[in-house]
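Structural characterization, general
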Amino acid sequence: MRPAHGLLAINHEYLDEGLLFTDGQKTWSAEKGLKAQNAVGVSVIEVRLEGGQWQVVRPSRYARRITARTPCRISGPAAGHALMRTAADPEGRSVLGTYNGCAHGWTPWGTYLTCEENWNFQFVNRSGEIPPEQLRYGISAKGRNYRWEEHDERFDAGLHPNEPNRFGWVVEIDPYDPGSVPVKRTALGRCKHEGAACAVGKSGRLAFYMGDDEGFEYIYKFVTDRAWNPDDRAANRNLLDDGMLYVARFNANGSGTWLPLMYGHGPLTPDRGFANQAEVAVKTRQAADAVGATRMDRPEWVVPHPVSGEVYAACTNNSARGRKGAKEGPNPANRRAPNRFGHIVRWREQGGDVAATRFTWDVFVEAGPADQGGTIRGDGFACPDGLWIDSMGTLWVGTDVSPTALGKGDFAQFGNNQLLAVDPATGVFRRFLTGPRGCEITAFHTTPDNRTAFVNVQHPGEAPGDRANPDNPRAHSNWPDYDPAGRPRSATVVIRRTDGGIIGS
Ligand code: CA
Ligand code: CA
Ligand code: CA
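Attention here is on the structure that accompanies the text. (Residues numbered from 1 in each chain as written. Chains lettered and ligands numbered in written order. Predicted model: local features only at pLDDT ≥ 70, side-chain atom pairs only at ≥ 80, totals over all residues. Heavy atoms only, no water.)

Quick notes on the overall build of the chain
Helix and strand counts for the chain come out as five helices and 29 strands. The C-alpha radius of gyration computed for the chain amounts to 22 Å, which stays within 12% of the reference 23 Å derived for 505 residues, consistent with globular compactness. If one aligns the C-alpha atoms of the chain with their principal axes, the spans along those axes are about 60 × 55 × 55 Å. Residues counted as buried form 57% of the 505 residues belonging to the chain. Of the contacts formed within the chain by residues at least 6 apart in sequence, a portion of 60% connects residues at least 24 apart. Looking at the chain as shown, the accessible area adds up to about 20,300 Å², and 50% of this sits on carbon and sulfur atoms. Separation between the mean location of the 58 positive side-chain charges and that of the 58 negative ones in the chain comes to 1 Å. (Helix = DSSP H or I, 4+ residues; strand = E, 2+ residues; numbered from the N terminus. Rg over C-alpha atoms; globule rule 2.2 N^0.38 Å. Buried < 20%, exposed > 50% of the residue type's maximum accessible area, 1.4 Å probe, protein only. Contact = heavy atoms within 4.5 Å. Areas by Shrake-Rupley, 256 points an atom, 1.4 Å probe, with all protein chains shown as cover. Lys, Arg positive; Asp, Glu negative; His and termini not counted. Charge placed at Lys NZ, Arg CZ, Asp CG, Glu CD.)

Examining helix 5 (residues 284-291)
With respect to burial, helix 5 is a largely interior element, six of its eight residues being buried. Here helix 5 has its buried residues at Thr284, Arg285, Gln286, Ala287, Ala288 and Val291. Here the buried face of helix 5 lies against helix 3 (132-135), strand 13 (215-217), strand 14 (219-227), strand 15 (243-250), strand 16 (255-260) and helix 4 (277-282). Phi for Gly292, located one or two positions after helix 5, is positive at around 85°.

Focus: the side chain of Arg136
Mapped onto the elements of the fold, Arg136 is located in the loop between helix 3 and strand 9 (170-173). With a relative accessible area of 15%, Arg136 lands in the buried category. Polar contacts involving the side chain of Arg136 include one to the side chain of Glu217, which spans 2.7 Å. In this view, Arg136 contacts Glu217, Tyr218, Arg285, Gln286, Asp289 and Lys327; residues no more than four positions away in its chain are not counted. (Polar contact = N/O pair within 3.5 Å; in protein donor to acceptor, adjacent residues only side chain to side chain.)

A word on the pattern of salt bridges
Tallying each qualifying case throughout the model produces 38 salt bridges. Where Asp174 meets Arg233, a salt bridge forms, and the shortest distance between an N and an O atom there is 2.9 Å. Placement of Asp174 in the loop between strand 9 and strand 10 (183-185) and of Arg233 in the loop between strand 14 and strand 15 is noted, with a sequence separation of 59 residues between them. Since its relative accessible area comes to 36%, Arg233 is described here as partly exposed. (Salt bridge = Lys/Arg side-chain N within 4 Å of Asp/Glu carboxyl O.)

Some words on the side chain of Thr224
Here Thr224 lies in strand 14. Ignoring anything within four residues of it in the chain, the contact list for Thr224 reads Arg205, Leu206, Phe208, Leu239, Leu240, Asp242 and Gly243.

Structural notes on the pairing of strand 9
Because side chains alternate across strand 9, one face comprises the buried residues Val170 and Glu172, and the other comprises Val171 and Ile173, equally buried. Here strand 8 (residues 112-116) pairs with strand 9 via four bridges, running antiparallel. Its bridge partner being in strand 9, Thr114 is matched across the sheet by Val171. (Pairing = 2+ DSSP bridges.)

Focus on the coordination of the calcium ion (ligand 2)
The protein atoms that coordinate the calcium ion (ligand 2) are Glu194 (OE), Glu300 (OE), Asp385 (OD) and Asp385 (OD), at distances spanning 2.4 to 2.6 Å. All donors of the calcium ion (ligand 2) belong to a single chain; written as a sequence motif, their spacing is E-x105-E-x84-D. Here the calcium ion (ligand 1) and the calcium ion (ligand 2) are spaced 3.1 Å from one another, each receiving a donor from Glu194. Here Glu194, found in the loop between strand 10 and strand 11 (197-200), pairs with Glu300, found in strand 18 (residues 299-304); they are 106 residues apart in sequence, far enough to count as distant. Taken individually, Glu194 and Glu300 each receive the classification buried, so the pair is uniform in this respect. (Donors = N, O, S within 2.8 Å, 3.2 Å for Na, K, Ca; no water.)

Examining helix 2 (residues 30-39)
Every buried residue of helix 2 is listed here: Lys32, Gly33, Ala36 and Gln37. Projected down its long axis, helix 2 carries its buried residues within an arc of 140°, all on one side. As for helix 2, its buried residues are in contact with helix 1 (17-20). Looking one or two places after helix 2, you find Gly41, whose phi comes out positive at around 115°. (Arc of directions from axis to C-beta.)

Quick word on the sheet that holds strand 28 (residues 453-458)
Pairing between the strands of a sheet comes from backbone hydrogen bonds, and it takes one of two forms, parallel or antiparallel. Strand order in this open sheet of three strands is 27-28-29, and the pairing throughout is antiparallel. In this open sheet, the two strands that pair with only one neighbour each are strand 27 (440-446) and strand 29 (491-495). Across this sheet, the average inter-strand angle for adjacent strands is 20°, counted without regard to direction. Bridge count between strand 27 and strand 28: six bridges; the pairing is antiparallel. (Axes fitted to C-alpha atoms, helices over the stretch in contact; angles between N-to-C directions.)

Overview of the coordination of the calcium ion (ligand 3)
Around the calcium ion (ligand 3), the protein contributes the donor atoms Glu300 (OE), Asp385 (OD) and Asp400 (OD), which lie 2.2 to 2.3 Å from the metal centre. Mapped onto the polypeptide sequence, the residues donating to the calcium ion (ligand 3) form the spacing pattern E-x84-D-x14-D. A distance of 3.9 Å spans the gap from the calcium ion (ligand 3) to the calcium ion (ligand 1), which Glu300 bridges by coordinating each metal. Of this pair, Asp385 sits in strand 23 (residues 384-389) while Asp400 sits in the loop between strand 24 (395-399) and strand 25 (418-422), and the two are 15 residues apart along the sequence. Grouping residues by exposure puts Asp385 and Asp400 together as buried.

Focus: the sheet that holds strand 18
Strand order in the open sheet formed by nine strands is 11-12-14-15-16-21-20-19-18, and the pairing between neighbours is antiparallel. Each edge of the sheet is formed by a strand with only one pairing partner; in this case those strands are strand 11 and strand 18. Direction aside, the axes of adjacent strands within the sheet are offset by 30° on average. Pairing of strand 11 with strand 12 (residues 205-211), which is carried by four bridges, proceeds in the antiparallel orientation. Bridge pairing in strand 12 places Cys198 opposite Phe208. Packing against the sheet, helix 5 makes contact with strand 14, strand 15 and strand 16, and its axis sits at approximately 50° to strand 15.

Here it is as structure tokens:
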């Protein structure tokens, strides 16, 4: 039976006020702040294949918006800890909203994981003295000028220093239960989570691979204590609360180690600032610093291969590597300084066991032109970001060259951002589609029969370096409506072959 009915869960990663408001941010009000907070988050949409076309089911009991204001529950080791308590939530167990979810994950029991990435951009701290734990997570005096704090004081981290601790988590959502409360799973650590990709072990225990998408940050793995139960969905409800969080070290000889981020283990002790596992979870980045993990070039999506068990991770770029004053120069797994074009690193767990603490690794491809260290066979690309491996084992790669670099200098030869397909066995890349101007290809997903692909095209027509000009919102694109009076809109593209056959075959 071919899948013809299902739910799509989609992140609305961030907003552009130049497109959302007719006057951009020229005026600001509580109402505009509210609209902004309701424009981000997650949507759940019911879809059905009818007459060869996917349609949105309306009305649908599953249709749902989760926003920066939706109540979420906090669970796992940090729940209730003093660092999670605020004036509005003295218990430290409930927080309003999730936003800036970048990539995603899913569980075998059909829940969706949205992963909070650049959540720090909405915070400001104008106290004149930003504490080191906020600086480590990128809290600044200005943020990115979202102006949320003007009408929602919790985004002023000077006044509410614990509110930032309540973001940066992997959030589990049950799309089949529209009344369910999203849960922030603190056992998976706090960082700028790109995604959380699940690998099912032979014993039924699960590993979730996660990148922290910022220059010189780390790749993490969370392994559940228990096996998942395929016969009893409710038994998996809190599976993500108990397990071990690891961070990766890539050694020069091609071996690697998963270093446990466990309270009391190694340097993770009270005299080093970690009084319990809750503090290890809240201060995941500092814990990873302390154990000596490998600083990566902006780890984005990570995907396990369903057959070989190899795991692929996109390191999208890091122009700061090797720059004067930078944290470090090249290391074995991030060999170019600066790394303007990104690469894909790959590893194999020892014994094929998702719970292994050792692995072997190599660099699958260095992106960019050959004269800049690129090793691509086939069609050229730069800045790999979104990864997906379909059930036939084809690796799909979406790119995210920033609009400031798109079409310029060494990047011009690659054109707009694109989606490529590569057979990991041959390593030959083939361009599958090209996005509209200014966009990023943010996700690719196929139905289990590989006959339909869903591709997310984010921020088409994005202005280089800043928000869109509200007086000319279609300066760079008006995709996908091409309305002469309209504006560009992020959208999901649905792809099927005209003969209904398998995509990529
Ligand atoms: Ca990202
Ligand atoms: Ca991304
Ligand atoms: Ca990206």
